[in-house]
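Chain by chain, the residues run as shown.
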Amino acid sequence: MNSEAEQPEAQPETAVPPTVPCSVVWSDGRPYVLESPSGRPRWVGTDTRGRPQLLTRADLQRRGWSHRRAS
């Protein structure tokens, strides 16, 4: 078993999240989907109580993100 394959991809703080609409990334154990209504891209997910949460690309970079869910 390759332990490297089991590890989530950690992104450095300077890494830029994807820009393709409908992309999915993980932050703080929750998924966020990129939507771009009205030309303003926003990462849409939920907070710890299940309420909608909108993040900008800068917000996501500050919080940290990954292409894979952390186990």
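For the structure itself, look to the data block above.
Computed from a prediction, not measured in an experiment: that's the story for all the values here.

Undergrad: Just to check I follow, could you spell out the overall build of the chain for this structure?
TA: When helices and strands are counted, the chain shows two helices and four strands. Seen in sequence order, the chain has helices and strands lined up from the N terminus as α-β-β-β-β-α. By the burial criterion, 24% of the 71 residues in the chain qualify as buried. Within the chain, counting contacts between residues at least 6 apart in sequence, those at least 24 apart form 45% of the total. Just so you have it, the chain exposes about 5,100 Å², and 51% of that area is on carbon and sulfur atoms.

Undergrad: What is the right way to read unusual backbone geometry from this model?
TA: Excluding glycine, residues mostly carry a negative phi; peptide bonds, for their part, are mostly trans. Despite not being glycine, C22 has its phi angle at roughly 75°, a positive value. Here C22 lies in the loop between α1 (3-6) and β1 (24-27). For D28, which is not a glycine, the phi torsion comes out positive at approximately 55°. With respect to the helices, strands and loops of the structure, D28 is situated in the loop between β1 and β2 (30-35).

Undergrad: Would you explain the environment of P18 in this entry?
TA: With respect to the secondary-structure elements, P18 resides in the loop between α1 and β1. Considered as a pair, P18 and H67 are 49 residues apart in the sequence and their alpha carbons are 9.4 Å apart. The contacts of P18, once residues within four sequence positions are left out, are S23, V25, L34, W43, W65 and H67.

Undergrad: Could you clarify how one ought to interpret the pairing of strand β4 (residues 52-55) in this entry?
TA: Looking down a regular strand, the side chains alternate between one sheet face and the other. Alternating residues of β4 divide into Q53 and L55, all buried, and P52 and L54, none buried. Both strand β3 (residues 42-46) and β4 contribute to a ladder of four bridges, which runs antiparallel. Among the inter-strand pairings, V44 is bridged to a residue of β4, identified as L54.

Undergrad: Please explain the side chain of S27 as it appears in this structure.
TA: Relative to the helices and strands, S27 is located in strand β1. Within the local environment of S27, its side chain forms a polar contact with the backbone oxygen of G64, the two atoms lying 2.8 Å apart. When sequence neighbours within four positions are dropped, the list of residues in contact with S27 reads Y32, L60, R63 and G64.

What counts, and where the lines are drawn
- Every chain is numbered independently, its residues counted from 1 as its sequence is written.
- In keeping with the predicted nature of the model, local features appear solely for residues at pLDDT of at least 70, side-chain atom pairs appear and are counted solely at 80 or more, and the whole-chain, interface and lining totals rest on all residues.
- Side-chain measures were taken over the full set of non-hydrogen atoms in the model, leaving aside hydrogen atoms and water.
- Put simply, DSSP H or I for four residues or longer makes a helix, DSSP E for two residues or longer makes a strand, and each gets a number counted from the N terminus.
- Burial classes: relative accessible area under 20% of the type maximum marks a residue as buried, over 50% as exposed, and values in between as partly exposed (1.4 Å probe, protein chains only).
- By definition in these notes, contact holds between two residues if any of their heavy atoms fall within 4.5 Å.
- Each accessible area is a Shrake-Rupley estimate made with a 1.4 Å probe; only the visible protein chains count as cover when residues are assessed.
- A strand pair is defined by DSSP finding two or more bridges across the two strands.
- Counting of polar contacts relies on pairs of N or O atoms within 3.5 Å, with two restrictions inside protein: one atom must be capable of donating a hydrogen and the other of accepting it, and residues adjacent in sequence are counted only when both atoms are side-chain atoms.

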